[in-house]
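# Results of the structural survey
This is what each chain is made of:
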Amino acid sequence: MPIFLYISLHKLYNRLRVTQLHNTIWRCTILRKVLAILSLIAVVLAAGAAFAAEPIKIGYLAALTGDFAQYGITEVNMAKLVVDDVNAQGGVLGRPIELIPYDTKTRNEDAVNAVRRMIESDGVCAIVGANSSGINIATAPIVAKGQVPQISTVGTNPYVTVDNKGNVRPYSFRICFTDPYQGALAADLAYNDLHKTKAAILYNVGSDYAQGLREFFIDSYEKLGGKIVADEGFRETDVDFRAQLTKIKNSGADVMLLPGMGKDMALAIKQAQELGLDLTIIGGDGYAEFMNEIAGPAMKGTYWVNHTYLDDPGMAPIFARYKEVYNDDCKEFVNGTMAYDGMYWLIDAIKRAGKAEGPAIAKALEETKGLKLHHATLTIDPATHNPVNKAGIILKVGDDLKTDFYKKVEPK
């Protein structure tokens, strides 16, 4: 307590003592009020001391503008919920958390510049995001040089956490499964579940994510006995896929893989229906609820390999709180889930590290074993920084355009 407050209160107390008080009840009431004031001041001073503690700064990397903005806005909103909850409970290591979000603008170069600013100017000790494989691959050398760990939420390309020689990137982590597993799930769904033997692929040639998922789907599908009858690419800026879809229609394909992200897949699905393509469509975790607004009824009957589902009981109360706070449903529920649990994984690692320093946090992240999160239990492979034996979820868009749980697939 500051000395001037102590002296003032002491004088007040003595003045009350020496005052000629003949009414005992009245005197006790006054003294109780003094004690109450002292207690209140103690609480205020304690809270002030807590707020005066230097915050632990965590960066959040997300697309807040551009084609992927709906993913990124959901992630940052979820991260803010976590920070509010943690700070309300006293913070971490006796310090409040400060979230520092940056917009990637859906561009690698902007993401790289943002990460540099986070590390060099803002002094973050760790970063969560982004959801894009290409962005995480681009930022990996920056976080390694700065010794600041980065957790990708939905970056599934293998090179997010290992280099092209198979060496683990020491400061790059992910909370999601990888494209080899996702590609295998999509192939198994197409060939064994849906009995489709002739597949076509439509993909963005400039996307690390699309290239990886395409490659691993082809490998698994052909091993199962399926045949790739069409393999069509497009550029990042393309919005008309009718030429490629016409070739796919003429190929006789009975299933089409769309290893894309949101908008391009929705446009392709809508145009496929307009061209009269009679085939089943399967995609990966680039699926987003806003695609239903673009493609409309054409989305019915499409299948999506993913990390979680809307009715996951572990996330239900969190989605309810999201709606209460933001007055909106958590439409991009996959990104919301991975962001929410990614933040809790990081906070757990900071606690186990015992200090908010990059190398110590990275070590704790790498040593994660059996951590119970809201959507899964997490163990990390130190050799790859990937989750071990994480289940995949297959979703299906119903007639009401609601994304329904189809089945859960455990790793073999």
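Overview of the structure. Just so it is clear, the model here is predicted, and its values are computed rather than measured.

About the cut-offs
- Residues numbered from 1 in each chain as written.
- Predicted model: local features only at pLDDT ≥ 70, side-chain atom pairs only at ≥ 80, totals over all residues.
- Heavy atoms only, no water.
- Buried < 20%, exposed > 50% of the residue type's maximum accessible area, 1.4 Å probe, protein only.
- Helix = DSSP H or I, 4+ residues; strand = E, 2+ residues; numbered from the N terminus.
- Arc of directions from axis to C-beta.
- Contact = heavy atoms within 4.5 Å.
- Core = buried A, V, L, I, M, F, W, Y, C linked by side-chain atoms within 4.5 Å.
- Pairing = 2+ DSSP bridges.
- Axes fitted to C-alpha atoms, helices over the stretch in contact; angles between N-to-C directions.
- Expected span 1.5 Å × (residues − 1).
- Parallel < 35°, antiparallel > 145°, perpendicular 65-115°, else oblique.
- Left-handed = near helix turned anticlockwise from the far one by under 90°.
- Nonpolar A, V, L, I, M, F, W, Y, C, P; charged D, E, K, R; others polar.

Next up on the list: helix α8 (residues 242-251). For α8, the set of buried residues is Gln-244, Leu-245 and Ile-248. Seen along its axis, α8 keeps its buried residues to an arc of 95°; they face one direction. Residues of α8 that are exposed and angled more than 90 degrees away from the buried face: Ala-243, Lys-247 and Asn-250. Packed against the buried residues of α8 are β6 (198-204), β7 (227-234), β8 (255-258) and α9 (263-274). Immediately beyond the C-terminal end of α8, within one or two residues, lies Gly-252, with a positive phi of roughly 85°.

Here the focus is the nonpolar core. In this structure, Leu-61, Met-78, Met-291 and Trp-345 are the most contacted members of the largest nonpolar core, which totals 100 residues. Listed in part, the 23 residues of the second largest apolar core include Phe-177, Leu-185, Ala-210 and Ile-394.

Further remarks concern the sheet that holds strand β2 (residues 97-103). Taken in spatial order, the 5 strands make up an open sheet running β2-β1-β3-β4-β5, and their pairing is parallel. The outermost strands of the open sheet, each flanked by one partner alone, are β2 and β5 (172-174). In this sheet, neighbouring strand axes are inclined to one another by 25° on average, regardless of whether the strands run parallel or antiparallel. Note: strand β1 (residues 56-62) against β2, 7 bridges, orientation parallel. Paired with Ile-58 across the two strands is Leu-99, which belongs to β2. Relative to the sheet, helix α5 (residues 133-146) contacts β1, β3 (126-128), β4 (150-152) and β5, its axis offset from that of β4 by approximately 170°. Running at roughly 150° to β1, helix α12 (residues 333-353) makes contact with β1, β2, β3, β4 and β5 of the sheet.

Here helix α4 (residues 108-122) spans 20 Å end to end across 15 residues, near enough to the 21 Å set by a 1.5 Å rise per residue. As for α4, its buried residues are in contact with β1, β2, β3 and α5. Phi turns positive, to about 70°, at Gly-123, one or two residues after α4.

In contact at an axis separation of 9 Å, α4 and α5 are set at 25° when each is read in the N-to-C sense. Relative to α5, the element α4 lies roughly parallel. Every pair of crossing elements has a handedness; the one defined by α4 and α5 is right-handed. On α5, the residues that touch Asn-108, Ala-111, Val-112, Val-115, Arg-116 and Ile-119 of α4 are Gly-134, Ile-135, Ala-138, Thr-139, Ile-142, Val-143 and Gly-146. Of the residues contributing to the contact of α4 with α5, the split by class is 8 nonpolar, 4 polar and 1 charged.

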